[in-house]
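Understanding the architecture of this molecule
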Amino acid sequence: MNKKTILMILIPIIIIAAAVIIFFCVRGSSTGGYSGTVTAMGEPLANVSVSDGRNVVKTDENGEFTLKGYKKTRFITVTAPAGYTTENYYIPADKNKSDGYDFNLEKSDIAAGEAHSFLQISDTEIGENGVGEWINYLKDIAENEKPAFLIHTGDICYEPGLKKHIEDMNTENMGIPVRYIIGNHDYVDGKYGEELFESLYGPVWYSFEVGNVHYVVTPFQTGGDRKSGYNKNDRWRWLENDLANTDENMKVVMFNHNIPPTDDYVISFDRKELDLKKHNLIAWVFGHYHYNYIEENEGVLNISTARPDCGGIDSSVSGARMIHIAQDGSITTNMTYYDFNGTVSDVENGKWTAQLDGNILFCNTVVDDNKVYVATVNEDYPRTCGIYCLNPMDGSVLWNFATKNSVKNNLIIENGLLIAQDCEGNVYCLDSQNGTKKWSTTVELANSLGTSVGICASDDVVYTGCAAAITALDINSGEKKWENIRNHGEGSPAEFVVAGDKLLVSSHWDALIALDKNTGKELWKNKDEDIRFRSSTPAIVDDNTLIVADSDAVMIVDANTGEITTKKDFEGYNFSSSAQSTVIGDIAYIPTANKGLITFNIKNCEIVQEIQIGKAMIYTAPYTSGDSQTIEPSLLQLSDGSLAFGASDGKLYIISADGAIEKTINIGAPIFGSAAYYNGSIIVSDFTGRVICLNEFE
């Protein structure tokens, strides 16, 4: 036999042998396979999904399954089907494990197909000291509302928080199942970013069912503060398999720390597409932004909830959200704000009270041409919110106009026209006398979720949008005059301000910017470490000078160049209130987020006086909590030279020009918008949606 013949015989044998060796080496290095059973009360349970983190199989009639595993298999998880529940929904994968991966489920109190609810919190960001007293507020919600489970949508956070949170908030001590999602600040040092999270909380993606909903937990992108141990498409490869094994009649709710990766809910990976809407997606529930916000998009609700214990980045009110799923899959939600139950009583010295639908947040009460105007927000769903016009004599509603989403900033009234913008960028122009619509348009919000908007007017132009995208509109026609799409900055309630030929834009976590009000061209930008936190509204001292307070500093700024000419830091003070300082002569009255009101000498940049108020009833200013004395509204100057302002402690204060408190009126609910003056009376709006006219102040 010649060499050529021998080679022709040996080569196929060698190739086959090599393929066999490679197959078993790869299989052996991955897992060697995973087998087990799923039972319910000791009886085999068929047709239950089980996963190795990528592959998903169904149990057979004996409740048995086998999974081949893949190289990153770290857990075997079971998807508890509707009507069943378990706390032991995952088992760490171990190639040396001698017994099977066995799951025993229990009957759930919620039958398959039943309506139910769950409780969402997010971004608690605790440290080694653990969860604070606010956990009792969550326990009260759990006790009263009986949700099916509590979901924490990420940012627990960092190593101390990860280790402590699961001790303080778990299924046993909350009395309901508790589930966690990994956030960007939950990726910490280790072999890979998820290592510590997985050791304490289990898999970063898995699914479970309650009633009529298939719930899917997915991780924040592919890494956060540290690099992920997974490929960017690993979770989507699993999700495709998970949904392929889900009853097509089940609704789907996605949990993640972040917003949906695409606006149309179509996920691209491995040259394939996964259209979540074709799998009955009804909601995407997330955190990350510290915003309270709900947006309906292509029949899907995007639901975001801020922190339960302190003010949000955009000054969202602290709280938790109950999400209710009806039998037909329709969704309703309701916020519970920490720690205010909304109960109020009649106000002493009240002339009349009007109760409006929704809450009033960062919208000033406006009096114009013998009418009172205010707008409402509603962070629940479905929502009822809009613009109201009241009779100042008795509080009767003369007209109201329903807006698509909440109005969280001021109303503009000029020449018989009322302009308002809602959180989705819808701008409305109404006849201020009767509420009929003159025109409406939708402006670009760029990368902003739209929870806060900036709006002001000058010379028949209304400036709308937000820090990330500013649009100038003709006030009479709604025609666009210019647009500046910046794509930078977080939302905040800081207002747009016209200073001469400049439009001042407060871009939160970014900069203070001046645009040419006629063209939209950027004139200057200041990104100083204190000035870039833009919760507060800049105030004009004179044509060339601004006073800007935020973080722990008060700054005097050249209005023409943006240069800080004087800066004074005040340790322990937090100036991240949404209010605009009131300048009278050389004195600025500056509301703070934590220490009430200060009077400030502009000439020597010193605090003259600190005016104490009560503890906030609920928290709004970013990261404020505890005993914070927060004032969000700007001050109202009265005819006798005194000043009036509402506060988060639920009181209205009247002070003299020298800062002495002359009168305190208990409204009973937080006040977030400036009061108005009418014929000797003060008209003020509170967070519960009440508009209150107080008796004579002349």
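Above this text you will find the structure in question.
A brief report on the enclosed structure follows. For clarity, every value in this text was computed on a predicted model and none was experimentally measured. All residue numbers here refer to positions counted from 1 along the written sequence of the relevant chain. Local features in a predicted model are, by the rule used here, given only for residues with pLDDT of at least 70; side-chain atom pairs are given and counted only at 80 or more, and totals for whole chains, interfaces and linings are based on all residues. Side-chain metrics in this entry use all non-hydrogen atoms of the structure; hydrogen atoms and water are not considered.

Here we take up the overall build of the protein chain. Numbering of helices and strands runs from the N terminus, with a helix taken as a DSSP run of H or I at least four residues long and a strand as a DSSP run of E at least two residues long. If you tally the helices and strands in the protein chain, you get six helices and 54 strands. As a reference, a globule follows 2.2 Å times the number of residues to the power 0.38, and the radius of gyration itself is taken over C-alpha atoms. Scaling as 2.2 N^0.38, a compact globule of 698 residues should have a C-alpha radius of gyration of about 26 Å, and the protein chain matches this with 29 Å. If one aligns the C-alpha atoms of the protein chain with their principal axes, the spans along those axes are about 115 × 60 × 50 Å. The buried label applies to any residue whose accessible area, calculated with a 1.4 Å probe on protein chains only, is under 20% of its type's maximum; exposed applies above 50%, and partly exposed to all values in between. Residues counted as buried form 60% of the 698 residues belonging to the protein chain. Excluding contacts between residues fewer than 6 apart, the proportion of contacts in the protein chain whose partners are at least 24 apart in sequence is 57%. A total of about 27500 Å² of accessible surface is found on the protein chain, and carbon and sulfur atoms cover 45% of it. We score Asp and Glu as negative and Lys and Arg as positive, and we do not count His or the chain ends. Just so you know, the charge point we use is NZ for Lys, CZ for Arg, CG for Asp and CD for Glu. When the 55 positive and 95 negative side-chain charges of the protein chain are each reduced to one mean point, those points stand 9 Å apart. Working rule for contacts: check all heavy atoms of both residues, and any pair within 4.5 Å makes them a contact. Surface exposure here means Shrake-Rupley accessible area, sampled with a 1.4 Å probe, where a residue is shielded only by the protein chains that are shown.

Grid spacing is 1 Å over the protein atoms alone, the probe is 1.4 Å, and a cavity is where that probe fits but cannot get out, while a pocket is an open set with protein on both sides within 12 Å along at least five of seven lines and lining residues have an atom within 4 Å of a point. Grid points are joined across faces, edges and corners, and a volume is the space filled by probe spheres set on the points. Roughly 610 Å³ of internal volume is contained in the largest pocket. As for the largest pocket, its lining consists of 27 residues, and the residues nearest its centre are Asn-364, Asn-410, Glu-495, Gln-580 and Ser-674. Going through the elements one at a time, strand 24 (366-368), strand 28 (412-414), strand 32 (456-458), strand 36 (497-499), strand 44 (582-584) and strand 48 (636-637) are the ones with two or more residues in the lining of the largest pocket. Among the residues making up the lining of the largest pocket, the classes are represented as 16 nonpolar, ten polar and one charged. Approximately 510 Å³ is the volume attributed to the second largest pocket. For the lining of the second largest pocket, the class distribution of residues is ten nonpolar, six polar and five charged. Under this grouping Gly is polar, as are all residues other than the nonpolar Ala, Val, Leu, Ile, Met, Phe, Trp, Tyr, Cys and Pro and the charged Asp, Glu, Lys and Arg.

This part is about the sheet that holds strand 52 (residues 676-678). Two strands form a pair only when DSSP identifies at least two bridges running between them. The antiparallel open sheet is built from four strands, whose spatial order is 23-54-53-52. The open sheet has two free edges, formed respectively by strand 23 (350-355) and strand 52, since each of these has just one partner strand. Strand-to-strand twist of the sheet, defined as the mean angle between neighbouring strand axes without regard to direction, takes the value 20°. As paired elements, strand 23 and strand 54 (residues 690-694) share five bridges and run antiparallel to each other. Geometry is summarised by axes, namely lines fitted to C-alpha atoms with helices restricted to the contacting stretch, and by angles between N-to-C directions that run from 0 to 180 degrees.

The next subject is the sheet that holds strand 27 (residues 397-402). With antiparallel pairing, four strands are arranged side by side in an open sheet as 24-25-26-27. Because the sheet does not close on itself, it has two edges, and the strands there are strand 24 and strand 27. The mean angle between the axes of side-by-side strands here comes to 20°, regardless of whether they run parallel or antiparallel. When strand 24 meets strand 25 (residues 371-375), the two strands line up antiparallel, connected through three bridges. Bridge pairing links Val-366 to Tyr-373 in strand 25.

To continue, consider the packing of aromatic side chains. Whether two aromatic rings pair depends on their centres lying within 6.5 Å, for rings of Phe, Tyr and Trp, where Trp uses its six-membered ring; planes under 30 degrees apart make the pair stacked, over 60 edge-to-face, and the rest tilted. As enumerated under the stated definition, the model contains 31 aromatic pairs in all. On the basis of an interplanar angle of 90° and a centroid distance of 5.1 Å, the ring pair of Phe-149 and Phe-208 is categorised as edge-to-face. With a gap of 59 residues between them, Phe-149 in the loop between helix 2 (134-145) and strand 11 (150-152) and Phe-208 in strand 13 (residues 206-210) connect regions that are remote in the sequence. The same class applies to Phe-149 as to Phe-208, namely buried. Residues Phe-645 and Tyr-653 carry aromatic rings whose centres are separated by 5.3 Å and whose planes lie at 20° to one another, so their mutual orientation is stacked.

Bringing the pairing of strand 16 (residues 266-269) into the picture now. With four bridges joining them, strand 16 and strand 17 (residues 272-275) adopt antiparallel strand pairing. Bridge pairing in strand 17 places Ser-268 opposite Glu-273. In textbook terms, the turn of a hairpin is the stretch between consecutive antiparallel strands, and for strand 16 and strand 17 this stretch comprises two residues, one of which, Asp-270, has a positive phi near 50°.

Moving on, we get to the pattern of salt bridges. Any Lys or Arg side-chain nitrogen found within 4 Å of a carboxyl oxygen on Asp or Glu counts as a salt bridge. A full pass over the atoms with the stated rule returns 30 salt bridges. Among the salt bridges present, the one from Glu-240 reaches Lys-272, with a minimum N-O distance of 2.8 Å. Residue Glu-240 is found in helix 6 (residues 234-244), and its partner Lys-272 is found in strand 17; the two are separated by 32 residues along the sequence. Under the relative-accessibility criterion, Glu-240 is labelled partly exposed at 25%. Residue Lys-272 is classed as partly exposed on the basis of its relative accessible area of 36%. Between Glu-298 and Lys-277 there is a salt bridge, with the nearest N and O atoms lying 3.5 Å from each other. Remark: Lys-277 occurs in the loop between strand 17 and strand 18 (281-286) and Glu-298 occurs in the loop between strand 19 (293-297) and strand 20 (300-304); sequence separation between them is 21 residues.

Another point: the side chain of Thr-537. Secondary-structure assignment places Thr-537 in the loop between strand 39 (522-526) and strand 40 (539-542). Overall, the relative accessible area of 3% leaves Thr-537 in the buried class. In terms of polar contacts, Thr-537 uses its side chain to reach the backbone carbonyl oxygen of Ser-578, at 3.2 Å. When residues no more than four places from it in sequence are discounted, the contact partners of Thr-537 are Ala-494, Glu-495, Val-497, Ser-578, Ala-579, Gln-580 and Ser-581. Two N or O atoms form a polar contact when they lie within 3.5 Å of each other; inside protein one atom must be a possible hydrogen donor and the other a possible acceptor, and for residues adjacent in sequence the pair counts only when both atoms belong to side chains.

On to empty space enclosed by the protein. Inspection of every chain in the model, using the stated rule, returns six cavities of 30 Å³ or more. The space that makes up the largest cavity amounts to roughly 110 Å³.

On to the pairing of strand 53 (residues 681-685), then. A regular strand carries its side chains on alternate faces of the sheet. Along strand 53, five of the five residues are buried, which leaves the element largely enclosed by surrounding structure. Neither face of strand 53 is open: one carries Ser-681, Ile-683 and Ser-685, the other Ile-682 and Val-684, and all of them are buried. Two elements, strand 52 and strand 53, share three bridges in a ladder whose sense is antiparallel. When the bridges of strand 53 are listed, Tyr-678 appears paired with Ser-681. The loop that links strand 52 with its antiparallel partner strand 53 comprises two residues; one of these, Asn-679, has a positive phi angle of about 50°. In this sheet, strand 54 lies alongside strand 53 in antiparallel orientation, the contact comprising four bridges.

All right, on to the environment of Ser-492 then. Relative to the helices and strands, Ser-492 resides in the loop between strand 35 (480-485) and strand 36. Accessibility expressed as a relative area gives 7% for Ser-492, which makes it buried. A distance of 3.2 Å separates a polar side-chain atom of Ser-492 from the backbone nitrogen of Ala-494. Only 2.6 Å separates the side chain of Ser-492 from the backbone oxygen of Arg-534, close enough to count as a polar contact.

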